[in-house]
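# Fold and geometry: a report
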Amino acid sequence: MAFKIPVPNTSTWVDEYLVLGGQEYKFTFTLNTRDSRMRMDIVLGDTPVISGVKIVESQGLVSRYLLEDFDHGEIFCVRTQKTDEPAGFGNLGIGLPYELVYFSNEEISELSQ
């Protein structure tokens, strides 16, 4: 079942610890003030998996990179409410106009059939 990733919107720099694909990751969400877009870093243990991923609506965020430490699924930024604003600080998170949603490879395979 798809998993909604909590993105706290109380600070422009926040860490979240999540278990995805059976592994615990540290997600860091930061606001880039130049373009008012949120960025995402993913760390496994002490090893950076990916850094500075721009959170853009309606597309996969990690599968375009060859990531050995994150090869079990994909994260999408999904619009859940009508808005003309891009995903960014204050409108990204569970119950907000945009949500980050993780799908395992198995779920993606089932959806594409």
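Read on for an overview of the structure. (Residues numbered from 1 in each chain as written. Predicted model: local features only at pLDDT ≥ 70, side-chain atom pairs only at ≥ 80, totals over all residues. Heavy atoms only, no water.)

### Some words on the sheet that holds strand S3 (residues 23-32)
Pairing between the strands of a sheet comes from backbone hydrogen bonds, and it takes one of two forms, parallel or antiparallel. As a reminder, the rule being used: At least two DSSP bridges between two strands are required for those strands to pair. Only DSSP runs of H or I reaching four residues or more are called helices, and only runs of E reaching two or more are called strands; each is numbered from the N terminus. Helix axes are fitted only over the stretch in contact, all axes being lines through C-alpha atoms; the angle between N-to-C directions runs from 0 to 180 degrees.
Taken in spatial order, the four strands of this open sheet run S2-S3-S4-S5, and their pairing is antiparallel. Of all the strands in the sheet, just strand S2 (13-20) and strand S5 (47-54) have a single pairing partner and so form its edges. Adjacent strand axes in the sheet meet at a mean angle of 20° when their direction is disregarded.

### Observations concerning the sheet that holds strand S1 (residues 3-5)
Taken together, three strands build an open sheet; the order of strands is S1-S7-S6 and the sheet is antiparallel. What marks the edges here is a single partner per strand, and that holds for S1 and strand S6 (73-79). The average undirected angle you get between the axes of adjacent strands in this sheet is 35°. Of the strand pairs in this sheet, S1 and strand S7 (residues 98-104) are connected by three bridges, and their pairing is antiparallel. Each bridged residue has a counterpart across the sheet, and for phenylalanine 3 the counterpart in S7 is tyrosine 102.

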